[in-house]
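One-letter residues, chain by chain:
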Amino acid sequence: MLAIGSPTISVRTSITCNALLRELEQIWNDIGETEAEKDRMLSELERECFEVYRRKVEEAGNAKARLHQSVAAKEAELATLMAALGELNIHSPIQTGKKASSLKQKLASITPLVEDMKTKKEERMKQFDDIKAQIEKISGEISGYSNFSSSMMSSITLDEEDLSLRKLNDYQTHLRTLQKEKSDRLHKVLEYVNEVHSLCGVLGLDFGQTVSDVHPSLNGVNQEQSTNISDNTLEGLEQAIVKLKLERKARIQKLKEIVASLFELWNLMDSPKEERSSFLKLASIIGSAESEIIKPGVLSTEIIEQASAEVERLTKLKASRMKELVMKRRLELEDISRVTHIEPDTSTAAEKSNALIDSGLVDPSELLANIEAKIVKAKEEAISRKEVMNRIDKWLSACEEENWLEEYNLDSTRYSAGRGGHINLKRAEQARITVSKIPAMVDSLINKTLAWEEEKEMLFLYDGVRLVSILNDYKLARQQREEEKRRHRDQKKLQDLLLTEKELMYGSKPSPRKTNSFRKPNGYRVNGNGSMTPTPRRNSAGAATPELLTPRSYSGRQNGYFKEMRRLSTAPLNFVAISKEETMSFASVCGSEPDSPPQG
C-alpha cells in the first residue's frame, strides 16, 4: 500500500482502501479467482495507484513551479516598475510580499502592488510624454524644424526605463531652459524686427517685404503663424540689419556729397533763400550721428533723387554761368590779395581767364577750381601773416599821427584859444609819444618779419616787395631826414647870427610886408644874385612823412621797382648875397619845423 504524507489523509485513505480491498476480495472469492490471480491483480492495482500518485505529484510540482514562476515574474515586474519609478527602499512592496507563507499568498499580495505600480507608471509616462512634447515643440521652434531629427525622440523613448522623479526633474529643468531660451530668442527677434522697422522707415523701404524675405512669420499680416525664432531667422535678421545699416551709411555719404555740392553751388551762384529752403533740412542730417537719424523717409531714394536733380540743375546752370563765376572768384581773390597785400597769381588774371575760356583750351570748371584753390591758399597765408600785418597797421597808424603832427606844427594858429584848441593840444601830446615809438616799432616789425620768413622759409612780400627791404629803406630815409632837420637847424642858427650882425650894421629890421613881397607862390625865393633857390616845403598835403617811403607808397609802384625817394633840398645857400628881407623870409619858413620852439 502507498503511504500518504498527511496523517489525516493517510487514515482516511487507509480506511477507504481497506474497505475497497475487502469488497474486491469478496468479489474475487465469489468469482473463484485463484490466489495467484489475486496476487497478480493486486500488483497491478498497486502499480496503477503508484502511477496515479506519481502523476498527481508531477502535476502538483508543475503547478508549484508555475506558481513560483508567476510570483517571481510579478516580483521581477514589480522590481522593474519600482526601479523605473525610482522607489527602491527597505519598505518596498517586494519586501512586504516576501513575508507571506505560500506562493498563492505571495502572488495574491504582490499582484495588486504590480497593478498599482503600473498605474503610477502610466501617470508618470503621461507626465514624461507631456514634457517630451513641449521639449520637442520648443526644440523644433529653436531649430526651425530643420535640424531636429529622430535621435532626440529615440533618446527620450529609450529612457522609459528611467521614469524616476530625478529624471522627471531633469526633463523639467531642460524644459524650463528651453522655455527661457525661447523667450530670449523671441525678445531678440522682436528687437531685431523693431530695428529693421526703424531702418526701413528711415530708408523708405517696404518693411513687410524685407522681413518676409527673412521669414514669412515675421510679417504682422500672418497672425496664424507663430513667430519663427530659429537660428536661421536670427541670422537672417542680423544680415538684414547689417545690409540696411550699410545702405544707410552709403546713402548718408551720398547725401553728404550732394549737400556739399549744393552748398558749393549755392555759394557760387548766390542762390536765393527760397531755392535753398526746401533742401536746408538735409543739412541737419550731415551733422547728426547715424543712430540719431530716425525721421521716416529722410534717407529715401525720392529725397536723394530730388537733391541729385537739384545738383544737376545747378550744375547745368553753373556751366552756362561759368565765365561769370570765374570772373567773380578772380575778383574775390584780388580782394583778398589787396586786403592782405599779397600779389595775386597772374596766371588767372581776368584777361587770361577770358581768353582761355573763349578759346576752349581750358575747362572752366578746372579754371574755377584752380582759382578756388588759390583763394584757400590766400586765406591760409592771410592767417599766417595776420600778426605781422597788425604790426604794419600800427606802424602806419603811427605814421599818420606823425603826418597830422607835422600839419599841426605848420598851423600858426595852433595856440589860439579857439574852439577845440585844447583837444588838438592834447592830441598833439599823444601824437608826439606815438611818433617817438616809431623806431622801436620798425625794429620790432623787422625782427618779427625775419622770424616769420625763417619759420615759413619764404620772403614776406608786401605788394610784391620784400617788407624787410621797405622797412630798411624807411629807416635809412628817416635817418637822412633827421640829418636834414639838424642841418636846417644849424643853418637857421647861422642865419639868426647873420641877421643880428646886419641889424647892428644897418640899424633896422625888414618890414613883414616888404619881406612878403619877395616870396614866390611856387615855393621859390630870389637870391641876391637873381638866382632861384627852393624853400623847404611839403611835397603833398596829407602825405605822412613826405620824405619817407612807407608800404602804402610802395604799393603804387609796378613790378617791385621804386622811383628815387624825394628828399628836402640841400642846395648851399649864399648868405653873403642874401638880403635882409630874404633872410627873414627864409627864417620864417624854417621856424615852422616840428622841432623848432613855438614862436611867441
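Check the entry above for the structure.
Overview of the structure. For clarity, every value in this text was computed on a predicted model and none was experimentally measured.

On to the pattern of salt bridges, then. When the charged atoms of two side chains lie near each other, side chains of opposite charge can form a pair. By the definition in use, this model includes 34 salt bridges. The salt bridge involving R54 is made with E51; its shortest N-O contact spans 2.4 Å. Note that R54 and E51 are positioned in helix α2 (residues 35-85) at a spacing of three residues, about one turn of the helix. Among the salt bridges present, the one from R330 reaches E334, with a minimum N-O distance of 3.0 Å. Separated by four residues within a single helix, R330 and E334 lie in helix α11 (residues 322-340), roughly one turn from each other. Assessed through its relative accessible area of 5%, R330 is described here as buried. One continuous salt-bridge network, built from bridges that share partners, spans E402, E406, R478 and R481.

Inspection of the secondary structure puts A428 in helix α15 (residues 421-436). Not counting residues up to four positions away in its chain, the partners in contact with A428 are W404, L405 and Y408.

What follows deals with the packing of aromatic side chains. Under the counting rule described, the total for this entry stands at five aromatic pairs. Here F128 and Y171 contribute two aromatic rings whose centre-to-centre distance is 5.4 Å and whose plane-to-plane angle is 75°, an arrangement assigned as edge-to-face. Here F128 is found in helix α4 (residues 103-143), whereas its partner Y171 is found in helix α6 (residues 165-203), with 43 residues between them in sequence. Residue classification places F128 among the buried residues on the basis of a relative accessible area of 6%. Take Y171: its relative accessible area is 10%, and that puts it in the buried class. Both rings, one in W404 and one in Y408, keep their centres 5.1 Å apart while their planes meet at 10°; by these two values the pair is stacked. One end of the pair, W404, and the other, Y408, are both in helix α14 (residues 386-410), four residues apart, so they sit about a helical turn from each other. Each member of the pair, W404 as well as Y408, is classed as buried. Against the face of F460 rests R385, its NZ or CZ located 4.0 Å from the ring centre. It is R427 that lies over the ring of W404; its NZ or CZ is 4.2 Å from the centre.

For the rest of this paragraph, the subject is the nonpolar core. Ranked by size, the top nonpolar core spans 69 residues in total, and within it L282, L299 and V326 carry the most contacts. When contributions to this core are tallied by element, the ones reaching two or more residues are α2, α4, α6, α8 (231-269), α9 (273-286), α10 (301-320), α11 and α13 (364-384). Take this core: its biggest share by element is 13 residues, from α8. Setting aside residues up to four positions removed in sequence, L299 forms contacts with V202, L203, R248, R251, I252, L255, I285, I293 and I304. Membership of the second largest hydrophobic core comes to 25 residues, among which are V388, I392, L405 and L445.

About the thresholds
Residues numbered from 1 in each chain as written. Predicted model: local features only at pLDDT ≥ 70, side-chain atom pairs only at ≥ 80, totals over all residues. Heavy atoms only, no water. Salt bridge = Lys/Arg side-chain N within 4 Å of Asp/Glu carboxyl O. Helix = DSSP H or I, 4+ residues; strand = E, 2+ residues; numbered from the N terminus. Buried < 20%, exposed > 50% of the residue type's maximum accessible area, 1.4 Å probe, protein only. Contact = heavy atoms within 4.5 Å. Phe/Tyr/Trp six-rings, centres within 6.5 Å; stacked < 30°, edge-to-face > 60°. Lys NZ or Arg CZ within 6 Å of the ring centre and 35° of its normal. Core = buried A, V, L, I, M, F, W, Y, C linked by side-chain atoms within 4.5 Å.

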